[in-house]
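Spelled out from the first residue to the last, the chains are:
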Amino acid sequence: MSEKKKFYVTTPIYYGNGLPHVGHFYSSTIADILYRYNKISGRESRFTTWIDENSQKAVIKAQEEGKNIMDYLDDMAAGHKKVWDHFGMEYTDFIRTTEPRHHVLVQKVLQHCFEKGDIYQWVYEWMYCVGCEAFKKDDDLVFLNKTSGETFPITPKVIESDNIIKVCPDHLETPDNIKEKNYFFKLSKYQTWIEEFYAANQDFVMPHFRYNEVKAFVERGLEDFSISRETNTFWISLPFDNTQVTYVWFDALFNYYTSCVASRWWDKDNENFIDESTLWPANLHVVGKDIIRFHAIFWPAMLASYFDLWEQGSDGIIHYQDSDISKLPETILTWWFFTVDGQKMSKSLWNVIEPISYSEQYSKELLTLYMLCAFPIWNDGNYDRSDAIKMYNAKLANNLWNLVNRVVVLSLKLDQAWVLEPQSLPEEISATLSYLNHSLSYSLNQDQIIELQKSLKEAGETIDVPVKGTMLSYDLKASLDNIFVMLDKLNKYADDTQPWITIKDDQVATKEALYTLAEWLRQVGLQLYPFFPEKMLEMFEKLWLEEYKFHLNRWKLQELIAKQEMFHIKEKWEPLFKRIDI
Ligand code: ME8
């Protein structure tokens, strides 16, 4: 992954028919961390999260609760915002798809694609799952035995009956049968374009096995898809036929564009946009496994249509040009679903791990730590609540806080008015710290790798020097693992130098050890800041680095890492991370 000058990351827009659950929390956390990391690395950055309000699910939910739809959506939007604000997420835009700026933009896009001939009308009959807000074919469904609750693949051998019914595998509901006049988007026109786009951009879908899956799906042949419904008048109406409204995906996906161009450049009174923003296109869309195809296939094709990225060859086929990439998202990062305590998550379990109350019961950092450290983003994972607490106690309460506390207690013992003056770090420690910084942030050139390998070898280290920075390749688990390896080494350094013994008769050795520990904690704290900003700022403040809350927005991370600081510990601290009893 190359160095970027700017960074625009998005979460999926969550359906406004319920409050955020841990699945939503997971994607917002990933986006929030990557946003903060890129911002402090000196890139102009943007992080957007939205609510998907123009959906049938929300209309049904509002009816069930006997509320006016807008009142219902207002309550939901406030509820979503409360969760993200509770966790201090630094989203730069939180917009709702019912907002006028989005309606205006979507209509503008639709009109353009229609005039170009990429949208056409057709009467068709199909199945529609409200849960997925998607059209379904038999291949997408399974049989459900209503008596036993078992599901199994549809085969000609089994006959449908009152007890054996076809359902959506995710929602276990029978899809609605729909026969209506709809508008369709000519996805099939972009078949070759998408194939060529995939061949030229192999990091477009991450992880790579997902890229291969989507590519194989594309190669099986793309079909046009419906983009409108004639039933619901609440959604965005088609500018060229106001008897129809936009079907959810065409509306939902363009949120990423609206937020980018219409947050700053929308002239409300004249309903004008300036369509260019320096932050477009998105660098990263973070999405769950169920919505990959919409993002990885529909979305680039819709953008190709809107931005006129089509060059018809002499063969009459539309071909991808290398320059098209300047208008298209760079990467779709996908994750799998996870279970809680080994069980598939259900509405009742969502309530068990409801992000705010769970964090109030334990700690805000517990969810983030465990979700990112227990399994890589792209693996299926299980949220095991007792493992989560064990991990929190081991890594944050013991490894990190105990060490900080040792430095605090010993510094106070030495002399309350005493300042830890900068001094040069032992060579092996500078080598391992520069390994940490490089492994997270850099793509090293060959010479730098050789140099770092040499200094690590001299320091007696056996760790390999990675070529890609783990933060730049979005591997948050590897990043945290690296940081915690450094904390283990730091604890080992403390055990080796034993400042609690040397304090009795060797002030020089004690000061050297305490300075080294404080400096090492500062560096680890800078790397942990994107993950646990509130706690790391607290730690900086207590180490006499109050100004870091401003520095972290003005300075580049690398410049802060290279600084030499003085530390001064004036008083005992409340634990940064309190142990949790299981
Ligand atoms: O799909 N584990 O919204 P949504 C992990 N509005 N992730 C999960 C999960 C689980 N058990 N359950 C759900 C939508 N998610 C659309 C998006 S974007 C233009 C429109 C994830 O509220 C799911 O994979 O149903 C999805 O990516 C996200 O939560 C939002 O789901």
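Criteria and cut-off values
- Per-chain numbering applies: the sequence of each chain, read as written, is numbered from 1 onward.
- Local features in a predicted model are, by the rule used here, given only for residues with pLDDT of at least 70; side-chain atom pairs are given and counted only at 80 or more, and totals for whole chains, interfaces and linings are based on all residues.
- In computing side-chain values, all of the structure's heavy atoms are included and hydrogens and water are not.
- Put simply, a salt bridge is a Lys or Arg side-chain nitrogen that is within 4 Å of an Asp or Glu carboxyl oxygen.
- Any residue under 20% of the maximum accessible area for its type is buried, any over 50% is exposed, and the rest in between are partly exposed; the area is computed with a 1.4 Å probe on protein chains only.
- One requirement defines pairing of two strands: DSSP has to find at least two bridges between them.
- Secondary structure elements follow DSSP: runs of H or I of four or more residues count as helices, runs of E of two or more count as strands, with numbering from the N terminus.
- A helix's residues, less one, multiplied by 1.5 Å, set its expected span.
- In protein, a polar contact means a hydrogen-donor-capable atom and an acceptor-capable atom, both N or O and within 3.5 Å, with residues adjacent in sequence counting only if both atoms are side-chain atoms; elsewhere, any N or O pair within 3.5 Å suffices.
- Axes, fitted as lines to C-alpha atoms, cover a helix only where it is in contact. Angles between the N-to-C directions of the axes lie from 0 to 180 degrees.
- We call a residue near a molecule or strand whenever a single non-hydrogen atom of that residue lies within 4 Å of it.
- Ten residue types, Ala, Val, Leu, Ile, Met, Phe, Trp, Tyr, Cys and Pro, are classed as nonpolar, four, Asp, Glu, Lys and Arg, as charged, and the remainder, Gly among them, as polar.
- The domain limits used here are those given by an automatic or database domain assignment.
- It only takes one pair of heavy atoms within 4.5 Å for two residues to be counted as in contact.
- By definition, the buried area sums, over both parts, the 1.4 Å-probe accessible area that each loses when the two are put together.

Caption draft 1: Quick peek at the pattern of salt bridges. The tally for this structure, following the rule as stated, stands at 28 salt bridges. Across the pair Lys67 and Glu65 runs a salt bridge, and its minimum N-O distance is 3.6 Å. Assessed through its relative accessible area of 34%, Lys67 is described here as partly exposed. Owing to a relative accessible area of 41%, Glu65 belongs among the partly exposed residues under this scheme. Where Lys492 meets Asp496, a salt bridge forms, and the shortest distance between an N and an O atom there is 3.0 Å.

Caption draft 2: A look at the sheet that holds strand E13 (residues 228-229). Read across the sheet, 3 strands follow the order E13-E15-E14 without closing on themselves; strand pairing throughout is antiparallel. Either end of the sheet is taken by a strand with one partner, and the two such strands are E13 and strand E14 (237-238). Inspection of the sheet shows E14 paired to strand E15 (residues 241-246) by 2 bridges, in the antiparallel sense. Each bridged residue has a counterpart across the sheet, and for Ser237 the counterpart in E15 is Val245.

Caption draft 3: Here's a closer look at helix H3 (residues 69-86). In this model, H3 (18 residues) spans 26 Å end to end at C-alpha, consistent with the 26 Å of a helix rising 1.5 Å per residue. Listed in full, the buried residues belonging to H3 are Tyr72, Leu73, Met76, Ala77, Gly79, His80, Val83, Trp84 and His86. N-cap assignment for H3: the residue whose side-chain oxygen lies 2.7 Å from the backbone N of Met70 is Asn68. In the stretch just after H3, Gly88 is the one whose phi turns positive, near 65°.

Caption draft 4: Broad picture of the sheet that holds strand E9 (residues 164-167). What the 3 strands build is an open sheet, ordered E8-E7-E9; its pairing is antiparallel. At either end of the open sheet lies a strand with only one pairing partner, and these are strand E8 (151-153) and E9. Strand-to-strand twist in this sheet, taken as the mean axis angle between neighbours without regard to direction, amounts to 35°. Bridge count for strand E7 (residues 142-145) against E8 is 3 bridges, and the pairing is antiparallel. Bridging across to E8, Leu144 finds its partner in Thr151.

Caption draft 5: Region of the structure containing the site of the ligand. Neighbouring the ligand are 23 residues, the closest being Ile13, Asp52, Gly288, Asp290 and Trp335. A distance of 2.7 Å is found between a nitrogen atom of the ligand and a backbone nitrogen or oxygen belonging to Ile13. Between the ligand and the protein, one listed contact pairs an oxygen atom with a side-chain N or O atom of Asp290 at 2.5 Å. Mapped onto the shell around the ligand, the elements with two or more residues apiece are strand E2 (14-15), helix H1 (22-40), helix H7 (248-253) and helix H8 (255-262). Top contributing element to the shell around the ligand by residue count: H7, with 3 residues. Taken together, the residues of the shell around the ligand break down into 15 nonpolar, 6 polar and 2 charged.

Caption draft 6: Examining the domain arrangement of the chain more closely. The domain boundaries assigned to the chain delineate domain 1 (6-116 + 202-361) and domain 2 (384-562). Measuring from the centre of the C-alpha atoms in domain 1 to the corresponding centre in domain 2 gives 37 Å. Across the boundary between the two partners, domain 1 contributes 23 residues, which contact 19 residues of domain 2. Summing both sides of the interface, domain 1 and domain 2 together bury roughly 1,800 Å²; the carbon and sulfur share of this comes to 63%. The tally of links between domain 1 and domain 2 comes to 0 salt bridges.

Caption draft 7: Structural context of the pairing of strand E16 (residues 284-288). Counting buried positions along E16 gives 5 out of 5 residues, so the element sits mostly inside the fold. Side chains of E16 alternate between two faces, with Leu284, Val286 and Gly288 and His285 and Val287 buried alike. For strand E1 (residues 6-10) and E16, the ladder comprises 2 bridges, and the chain directions are parallel. Within E16, the residue paired with Val9 across the bridge is Leu284. As defined by bridge partners, E16 adjoins strand E19 (residues 331-335) across 5 bridges and the pair is classed as parallel.

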